[in-house]
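Close look at the chain arrangement
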Amino acid sequence: MSLARTGVLVALLLSTTACAAQRGSPGALPDIQPGRRPDLETEEAGLWMQTDRLEADLKTSGALVADSALNAYVRNIVCRLAEAYCADIRIYILRVPYFNASMMPNGVMQVWTGLILRVDNEAQLAYVLGHELGHYLRRHSIQRWRDVRAKSAFLEFSGLLTAPTGFGPLASLGAQLALVGSIFAFSRDNEREADELGFGLAVKAGYDPREASKVWEALVEERDATKDSAPFIFFATHPAPEERIENLKAFAKKSALDGGHAIIGREQFLAQTRPLRTMLLRDELRRREFTGSQVVLDRLFEAGTGLGELYFFQGELYRLRDNEGDREKTTAAYQKALEYGDAPVETHRALGLLFFKTGEKEKARLAFERYLQQRVNAEDREMIEAYLRQLE
Amino acid sequence: MKRTTAVLTLVMLLTGCATPYTLIEPGRTAVGDLYTVESQISWSSTRTGKIELWTVDGNGLQALRFVNGLADGETLFEGKRKDNKKMPTFRKNMTISEIMEFVVDSVALQGLERVESAGLRPYKFGNTQGFRFELSYVSSKGLEGQGAVVGAVVRERLYLIVYSGTRAYYYPKHRDHVERIIGSIRMQ
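Residues numbered from 1 in each chain as written. Chains lettered and ligands numbered in written order. Predicted model: local features only at pLDDT ≥ 70, side-chain atom pairs only at ≥ 80, totals over all residues.

Examining the overall build of chain A
If you tally the helices and strands in chain A, you get 20 helices and three strands. Here chain A holds 392 residues, and the buried ones make up 45% of them. At a minimum sequence separation of 6, the contacts of chain A that also span at least 24 residues come to 69%. (Helix = DSSP H or I, 4+ residues; strand = E, 2+ residues; numbered from the N terminus. Buried ≥ 20, exposed ≤ 12 C-beta atoms within 10 Å, placed from the backbone. Contact = placed C-beta atoms within 7 Å.)

Section: helix 4 (residues 175–183) of chain B
Residues and elements named next belong to chain B. All buried positions along helix 4 are accounted for by Val178, Ile181 and Ile182. Burial along helix 4 is one-sided: seen end-on, the buried residues are contained in an arc of 95 degrees. Among the exposed residues of helix 4, those pointing more than 90 degrees away from its buried face are Asp176 and Gly183. Packing partners of the buried residues in helix 4 comprise strand 3 (35–39), strand 6 (62–70), strand 9 (144–154) and strand 10 (157–166). (Arc of directions from axis to C-beta.)

Looking at the domain arrangement of chain A
Residues and elements named next belong to chain A. Domain assignment breaks chain A into domain 1 (3–264) and domain 2 (277–391). Between domain 1 and domain 2, the contact holds 13 residues from the first and 12 residues from the second. Of all elements in the fold, only helix 4 (113–118) and helix 10 (212–226) reach the threshold of two or more residues within the side of domain 1 that touches domain 2. With five residues, helix 10 is the single largest residue contributor to the side of domain 1 that touches domain 2. For the side of domain 1 that touches domain 2, the residue count by class is six nonpolar, two polar and five charged. (Domains from an automatic or database assignment. Nonpolar A, V, L, I, M, F, W, Y, C, P; charged D, E, K, R; others polar.)

Points about the interface of chain A and chain B
If you look at the interface, chain A gives 23 residues, while chain B gives 25 residues. Residue assignment for the side of chain A that touches chain B shows that the elements contributing at least two residues are helix 18 (346–358) and helix 20 (381–391) of chain A.

Looking at the packing of helix 3 (residues 68–81) of chain A against helix 5 (residues 122–137) of chain A
If you want to describe how two helices pack, look at the angle between their axes and the distance between the axes. Residues and elements named next belong to chain A. With their axes 10 Å apart at the nearest point, helix 3 and helix 5 run at an angle of 60 degrees to one another. Here helix 5 runs oblique to helix 3, going by the angle between their axes. For the pair helix 3 and helix 5, the sense of crossing is right-handed. Contact with helix 3, carried on its side by Ile77, Val78 and Leu81, involves Glu122, Leu125, Ala126, Leu129, Gly130 and Leu133 of helix 5 and no other residues of that element. Split into classes, the residues belonging to the contact of helix 3 with helix 5 amount to seven nonpolar, one polar and one charged. (Axes fitted to C-alpha atoms, helices over the stretch in contact; angles between N-to-C directions. Parallel < 35°, antiparallel > 145°, perpendicular 65-115°, else oblique. Left-handed = near helix turned anticlockwise from the far one by under 90°.)

What to know about the pairing of strand 3 of chain B
All names here are of chain B. Side chains Tyr35, Val37 and Ser39 of strand 3 all project onto a buried face; the interleaved residues Thr36 and Glu38 project onto a face where none is buried. Pairing geometry for strand 2 (residues 27–31) and strand 3, over five bridges, is antiparallel. Counterpart to Gly27 in the pairing with strand 3 is Ser39. Across two bridges, the pairing between strand 3 and strand 11 (residues 186–187) is antiparallel. The residue of strand 11 that forms the bridge with Tyr35 is Met187. (Pairing = 2+ DSSP bridges.)

Below, the structure written as structure tokens:
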């Protein structure tokens, strides 16, 4: 898409004319206007009310990431993409280790930490957020609501929408939110429209158009490696990723002809997300989806930031997977991690435990002692000292 | 009789109980077949698989779980059938640090958020050398919780006592009773 065309598209998007209703798929509605809430007597108001309830749950959710710098960073990107709607959109970053972002019709945007771990830079994040903004601006949810109701599946839809409030205490937030995501399984036309609109918003904001398709390529790679589409909630509601990649590449080609500001934003992205990466990698491995996690790790290795930490988590993956030959790989990965200055202190403890199990007493003792020397206030000091006594 | 059964079933469904509760009277009680404990107060008890659960105020508020002898290859909780392969698995050759990780990761996969452990240390489990650590977590609804885990591996099987509850009131409410129960473990 050319910048000129993008400009026209964005102008159309932000305009108050009713001609927006003529665009897009059958049943298309005028775009949502900044600051607008639907009239109380409308069906759309009912849909908003339901999502307002979900938002009340989100506000107190234990999965909320409180990091104020990260929240401000994501908000700034959203506001940069859709400035006029900045005040209407509430962002909730949730600690869920799967790739997903979504928007509710009332302006609630959810961003899962699994997405943050899986994008390389600010531009890629912006293209995903732009896509979600596209659904919001075009009011695809209300279209979906009407379509489903027209197909006599209203009760199913309504039940799904209200279901999360009735979940038991052991149901994970991820499962609840996945269910909500499935409600808004938009049509292919909606998806194409959100792609095009989101792309236009991100290009207009100056983001490198070539980054848009890379997000999807990485996801396809992960999906193909795992041969299991179940964890890919984003795919569940976003069909045909291969087609999407081609479309986004075609858009980028057209944009590139016109030149662009080409913001990639790798440094900015790292500055905000790097401090959280240890937590995100720990959450990632808790999924016990080792094939997919290996794809994620490989991409992070390719990007080349924080290699000591990455080799440590590579070792953790091998240790937890525990396939034949993984013990040797674990040792090698931990030892490689220690060649870098940013290896976590826990690498020494991990090596100590490994040697403790294999009966390599002297190596275990050295590793444990290094751990205790470097982590003077280790919260598990008593346990490590007990291991050391057993090694005597 | 049929009517009574129907009413009981309804009550169980309404209260969310899959299995009925029985009363644990104050005094010494056998837990599984490995040991006995002594309680000074009454508890309501129910059992799912290898986990015996005691509570006073309701298991959503505070719970004392006894995990009775997980064998090599077993999981702490039964996941949804499809997800079983993803549940952390107990291995008899685990170090105590790995057992703590196994417990923490298992708990985190049950839908609790920000599950963290601290203070892993050796601890007596009856006359056996065991371990102890503390837990903190937040429920999906944002309620802060606290826990303590005491355990031991006996004859290659994992035994755990996990006490958890809301940080604000229900965990401290019976903490002292639970500490006495843990201190009263007597191997059979």
